[in-house]
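Residue-level listing of the chains:
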Amino acid sequence: MRVVICDDSALFRKGLALLLDRVGVTIVAQAADPSELTALLEKQPADAVILDVRMPPTFTDEGLVAATELKKRFPALGVLVLSTYAEGALAARLLESSPRGVGYLLKDRVDDASALRDALERVAAGGVAVDPEVVSMLFRLRQEESLADRLTARERDVLRLMAEGRSNAAIARALFLGTKTVEAHIAAVLTKLDLSQTPDDNRRVLAVLTWLRMEGTGAHQNRDR
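Worth saying up front: this structure is predicted, and the values here are computed from it rather than measured. By convention here, each chain's residues receive numbers from 1 onward along its written sequence. Per-residue local features are limited, in this predicted model, to residues with pLDDT of at least 70; the limit for side-chain atom pairs, both in listing and counting, is 80 or more; totals at the level of whole chains, interfaces and linings are taken over all residues. Only hydrogens and water are removed before side-chain values are computed, so all heavy atoms of the structure are retained for them.

Q: Hey, could you run me through the overall build of the protein in this one?
A: Each helix is a run of DSSP H or I of at least 4 residues and each strand a run of E of at least 2, with the numbering of both proceeding from the N terminus. If you tally the helices and strands in the protein, you get 11 helices and six strands. Methods summary: accessible areas were calculated by the Shrake-Rupley approach with a probe of 1.4 Å, and residue burial reflects only the protein chains presented. By element, 53% of the accessible surface of the protein is carried by carbon and sulfur atoms, the whole surface being about 11400 Å².

Q: Is there a simple way to think about the pairing of strand β5 (residues 102–106) in this case?
A: The side chains of a regular strand alternate between the sheet's two faces. Residue burial is assigned from relative accessible area. The probe radius is 1.4 Å, only protein chains are included, and a residue is buried under 20% of its type maximum, exposed over 50%, and partly exposed in between. Burial within β5 is extensive, with five of its five residues counted as buried. On β5, burial covers both faces: Val 102, Tyr 104 and Leu 106 on one face and Gly 103 and Leu 105 on the other are all buried. At least two DSSP bridges between two strands are required for those strands to pair. Direction of pairing for strand β4 (residues 78–83) relative to β5: parallel, over a ladder of five bridges. Each bridged residue has a counterpart across the sheet, and for Leu 82 the counterpart in β5 is Leu 105. In the sheet, β5 pairs with strand β6 (residues 128–130) via three bridges, with the strands oriented parallel. Residue pairing in the sheet places Tyr 104 in a bridge with Val 130 of β6. Note on the crossover from β5 through helix α5 (residues 113–124) to β6: the handedness is left-handed. Handedness is read with the strands pointing away from the viewer; a crossover is right-handed when the path from the first strand over the helix to the second is clockwise.

Q: Any chance you could explain the packing of aromatic side chains here in plain terms?
A: Aromatic rings considered in pairs are described by the distance between their centres and by the relative angle of their planes. For Phe, Tyr and Trp, rings pair up if their centres lie within 6.5 Å, where Trp contributes its six-membered ring, and each pair is then called stacked (planes under 30 degrees apart), edge-to-face (over 60) or tilted (otherwise). Taken as a whole and assessed by the stated rule, the structure comprises zero aromatic pairs. Two conditions define a charge located above a ring, namely a distance within 6 Å from the ring centre to NZ of Lys or CZ of Arg, and an angle within 35 degrees of the ring normal. Residue placement shows Lys 107 over the ring face of Phe 12; its charged tip is 4.4 Å from the ring centre.

Q: Looking at this structure, I do not really get the packing of helix α2 (residues 34–43) against helix α3 (residues 62–73). What am I missing?
A: Helix-helix packing is described using two parameters, namely the angle between the two axes and the distance between the axes. Packing of α2 against α3 brings their axes to within 10 Å, and their N-to-C directions diverge by 20 degrees. Our classification of the angle between α2 and α3 gives roughly parallel. Seen from above, α2 lies across α3 with right-handed handedness. For the pair α2 and α3, the contacting residues are Pro 34, Leu 37, Thr 38, Leu 41 and Glu 42 in the first and Glu 62, Ala 66, Leu 70 and Arg 73 in the second. Classifying every residue of the contact of α2 with α3 gives five nonpolar, one polar and three charged. The axes are straight lines fitted to the C-alpha atoms, using for helices just the contacting stretch, and the angles between their N-to-C directions are given from 0 to 180°. Between 65 and 115 degrees an angle is taken as roughly perpendicular, under 35 as roughly parallel, over 145 as roughly antiparallel, and anywhere else as oblique. The sense of a crossing depends on the near helix, which, turned anticlockwise from the far helix by less than a right angle, makes the crossing left-handed and, turned clockwise, makes it right-handed. A contact between two residues is defined here by any heavy atoms of the two lying within 4.5 Å. When residues are grouped by polarity, Ala, Val, Leu, Ile, Met, Phe, Trp, Tyr, Cys and Pro land in nonpolar, Asp, Glu, Lys and Arg in charged, and all others, Gly among them, in polar.

Q: Teacher, can you tell me more about unusual backbone geometry here?
A: Of all residues except glycine, most have a negative phi; of all peptide bonds, most are trans. The omega torsion of the bond from Pro 56 to Pro 57 falls at 10 degrees, within 30 degrees of zero and hence cis. Following the sequence through the fold, Pro 57 ends up in the loop between β3 (48–52) and α3. A positive phi angle, near 55 degrees, is found at Phe 59, a position not held by glycine. On the secondary structure map, Phe 59 appears in the loop between β3 and α3. Phe 59 sits in the partly exposed class, given a relative accessible area of 40%. For Phe 176, which is not glycine, the phi torsion reads 55 degrees and is therefore positive. Judged by its relative accessible area of 78%, Phe 176 falls in the exposed class.

Q: Whenever I open this one, helix α8 (residues 168–175) confuses me. Can you help?
A: Residues spaced three or four apart along an α-helix point in a common direction, a consequence of the helix completing one turn every 3.6 residues. Those residues of α8 that fall on the buried side of the exposure criterion are Asn 168, Ala 170, Ile 171, Ala 172 and Leu 175. One or two steps after α8, the chain reaches Phe 176, where phi turns positive at roughly 55 degrees.

In structure tokens:
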């Protein structure tokens, strides 16, 4: 199996190359950034590539963007993205843009050379390889998106203002509603978010935390489109 490694850290690239060489993976080239990777693939055919999700210059999602573009340009190429952290939203973007021949693993798993080779073989064959921790996160994201779909536009407005720390009276003034109406909306939000009353949990705080997670993943924004 012919593989190209793309990572801005030369030390990580070389270490990964040595690790994979021990399990029979041929590293045909190494690149420091996505543009160099694309140029190498134009000249040197490969079965799969490994690239970091955060690359120069901004270290946000350059690797993810590159993975999507690579799949468009080289459909048969397996693309395995490595990430330092479990980021369900980024993994979801990758799988939604390219549901075949892609993988998303955490970097702390790469010390298991056999598991890494198995992931490379799967993506090279058109399959999918996703880190178990990321899979759990994706399930949570989907659950939160489902919860967001339950809320009406007015209930989301109320929840947003709750997240800003406003009291019921302040929410009522901001939305030109009666206090009793706001209380009814909050009760509906808590019910729809499955936040049952317990002695140890503040349901209002839990509702706000749910909203912040939705905001971070774009779940409520997708609902508004």
